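Breakdown of the fold
Listed here are the chains, written in short residue letters.
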Amino acid sequence: MMASGDSNNYVASGDVVAQPEDRRMLVLYGSETGNSQDLAGDLERLAERIHFRTLTCEMNDVELNALLQYPLIIFVISTTGQGEIPRNALKFWKSLLRKRLPPNCLQQVKFTTFGLGDSSYTKYNWAVRKLHKRLVQLGATEFFSRGEADERHQDGIDGTFLPWSLSLRSHLLREYPLPGDLSPIPPEVQLPPKFTIELLPNMDSSDEPMPDLNVQQPEDSDSLDTALTTVTLSNGKQQHATQEQTLDRTAALFSHVDTPNPEVLEQALRAERMSINSNTYAARLSENTAKVILGGIDTLDKPNVLRDHPSKYSLEDSTFKEPFPPADLLPIPKGWPAVLVENRRVTPLDHWQDVRHLVFEVPAQPQLARRAELGLFSYVPGDAVVIYPKNFPADVQALIDLMGWQDVADLPFEHRASQQHMLYTRPKNCYPLPHSTLRQLLLHNYDITAIPKRVFFHEIAFYSNDAVHQERLREFANPGLSDEFYDYTSRPRRSILEVLQDFPTVKIPYRHVPSIFPVMRGREYSIASGGSLLKDEGGNNQGTRVELLVALVKYKTVLRKTRQGLCSRYLETLKPGTVINITHREYDTLDASFYRRPLLAIAPGTGIAPIRAHIWDRRDDPDAGDVLLIYGGRNVDADFYFMDEWDDLGVNVLTAFSRDQQEKIYVQDRIRGNALLVCDYIKKGAVICICGSAGKMPEAVRMALYDAMVVGKLAPDRETAKKLLHSTNPIWEEVW
């Protein structure tokens, strides 16, 4: 049953939920990884079930005066980095800080806040606390007490959010009672979807324009609308591409032998080869053309090869038996095409963890404001890049077959919002190719292998006609049965696709894909390069080099099938020469003036990545201070990353390899065992960097530093040492 807008309490099969005009609520979120966005969606549904007309959006998407138009506002915000505001809330936050704002400009605003943080950081939940304080300063009134979630809680975010949200619901019903003719919409009534996908009429997907793969997007652009773009490679040559080029998607599914219409296909391929807009035309002019065109000879000869997947004809002994994700570049705002130069495993094959050293070259791109000038992809130590993974064709086909979508899988669709007042026409951060088919949306945009959340089980129960399946799915959606939900989802890391395979009676309407499947999110990786390492191999300042050190996520659970992270699986398949889109994440980092101070760096495992970037960047300063690196791993022969560089960089290294002797040794043990040396750096005002895995490590390192200060006579006890250290030494943490 689906709720609708009727004068009754609720009726089935409608489009909107009825609410009195004065029951309006604004839910704003600020998020880096999407957790706050998910909670905002939960609060939106909670409010709609008690008949609030709710608008949910990013903080950056509303102006300050819009707050005055809503009787109630809920802010959900994560703390990122060193107590920072998320990027999609930063514009809104800066508008709150304007000096010309009158002290009581928000006195009409009634609000509450919920924060997400990680207690392994010293500035735990600072973002929500800063936001709350500033709103009160501007005259706003808190209508419900703030909630703060800790990712380190034994029940995760839910440990705080679930009881807080239930208390919020009770408060709203008590303080804002429903009119006599309305009652809350019960859980067994389905709310209408926010977004749907609809078939495009009279559109042949094989004739669609090729997306502009290489253009850098303007800040406010959600679509590709540039007809001509230029990619400048590191050798100084330029490659032009126009949207007049076409993708022959139908032919790509068949070889010349298998196609049912070989004559028609051959004519299409011949026209593609002879087109003056095709790269193959330029290839005939010079034998050196392949060297200056992105993708090289593989791109040039594309119209001449069989259209089967290349893996069928590969002579290499590969562990990947299935086709890789397609190479299409999505129209991601501020995206930069990056060419993979190296994808090298740096741990032994028999080591428990597969760690990769990835090197990308990002060609310079025309600047939007000044087309004659080229802009470089630039970053500083401490920044990150975002890589956008894709689903694998075999998984997508399995879902299509399971849902019975075969007849519409390769037809073009467009997104539509269900209500006119919504700010977005499709889910936030969903950037599909123009006229995407359902298959393309599942490959590029919607995550079908994520671990499902409770709302997923609640929604798919409506699409099963089996009473037993419906009951079981609703049990998993019940917050009161958290243990069962955890045992079925998080503990075995069971994916959305696997859940649907466990419940084959669930048949999701293809129109509801945007409301059921989460948008596929990019993954952040700390940059491991700095200083002279930024220059491309050609050394001609026509591109930027980006290096990453990535531990691939692969493990086994109680399920027999090996678990593998979506982005890890994607990265593992990438071959040198592959072009992907990346974006830049800028974070507060150490000021360049600190380079003249000594550096005390503590880094277990891949936490060495941002520290390596700092050390290479300091190398360019002739007056840079000394560096003491305390590095931890399992085995010196397996995971001592970049060990050959430290002597040349003049770095003093203390190592802690936990498995190379009978008694385990960790970085905190090295800190205590070298207390006098550590104190010498602290006394000189050293910058302290702590990077690596979150959890117990950061706190253990901080305790070890306080203990070392006590041993070195810098402080009489831990508490005094803590106050002294944080007042005299800049501390930079990057943990994940």
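Computed from a predicted structure; not experimentally measured.

Criteria and cut-off values
- Residues numbered from 1 in each chain as written.
- Predicted model: local features only at pLDDT ≥ 70, side-chain atom pairs only at ≥ 80, totals over all residues.
- Heavy atoms only, no water.
- pLDDT = per-residue confidence, 0-100.
- Contact = heavy atoms within 4.5 Å.
- Buried < 20%, exposed > 50% of the residue type's maximum accessible area, 1.4 Å probe, protein only.
- Helix = DSSP H or I, 4+ residues; strand = E, 2+ residues; numbered from the N terminus.
- Arc of directions from axis to C-beta.
- Phe/Tyr/Trp six-rings, centres within 6.5 Å; stacked < 30°, edge-to-face > 60°.
- Lys NZ or Arg CZ within 6 Å of the ring centre and 35° of its normal.

**Focus on the confidence of the model for the protein chain**
In this model, the protein chain carries a mean pLDDT of 84, and residues with pLDDT of at least 70 account for 79%. Contacts from residues 4-18, a stretch scored under 50 in pLDDT, to residues over four places away or in other chains number 44 contacts. Of the regions scoring below 50 in pLDDT, residues 280-287 engages in twelve contacts with residues more than four places distant in sequence or in other chains.

**Some words on helix H18 (residues 675-683)**
Turning to H18, its buried residues number three or more, namely Ala675, Val678, Cys679, Tyr681 and Ile682. Viewed end-on, H18 has its buried residues packed into an arc of 160°, placing them on one side of the element. Opposite its buried face, H18 presents the exposed residues Leu676 and Lys683, each directed more than 90 degrees away. The elements touched by buried residues of H18 are strand S21 (599-604), strand S22 (627-633), helix H17 (667-673), helix H19 (696-711) and helix H20 (718-728). Looking one or two residues past H18, Gly685 carries a phi angle of roughly 75°, positive in sign.

**Re helix H8 (residues 393-403)**
Considered for burial, the residues of H8 that qualify are Asp395, Val396, Leu399, Ile400, Leu402 and Met403. The arc that holds every buried residue of H8, seen down its axis, measures 165°, which confines them to one face. Close packing links the buried residues of H8 with helix H9 (438-444), helix H13 (496-502) and helix H15 (566-573). One or two positions beyond H8, positive phi appears at Gly404, with a value near 75°.

**Focus on the packing of aromatic side chains**
Within this structure, the stated rule accounts for 20 aromatic pairs. Measuring from ring centre to ring centre gives 6.5 Å for Phe52 and Tyr176, while their planes differ by 75°; the resulting arrangement is edge-to-face. Linking Phe52 in the loop between helix H1 (35-48) and strand S2 (53-58) with Tyr176 in the loop between helix H4 (158-175) and strand S7 (195-199), this pair joins segments that are 124 residues apart in sequence. Taking relative accessible area as the criterion, Tyr176 reaches 23% and is therefore assigned partly exposed. With centroids separated by 6.1 Å and ring planes inclined at 65°, the aromatic side chains of Phe457 and Tyr488 adopt a geometry described as edge-to-face. A residue pair is termed long-range when its members are at least 10 positions apart, and Phe457 in helix H10 (residues 454-460) and Tyr488 in helix H12 (residues 482-488) qualify at 31 residues. Of the residues examined, Tyr488 reaches a relative accessible area of 13% and is grouped as buried. Members of the aromatic cluster, connected to one another through ring pairs, are Phe456, Phe457, Phe476, Phe485, Tyr488 and Phe503. Seen from the ring of Trp352, Arg634 lies directly overhead, with NZ or CZ sitting 4.3 Å from the centre.

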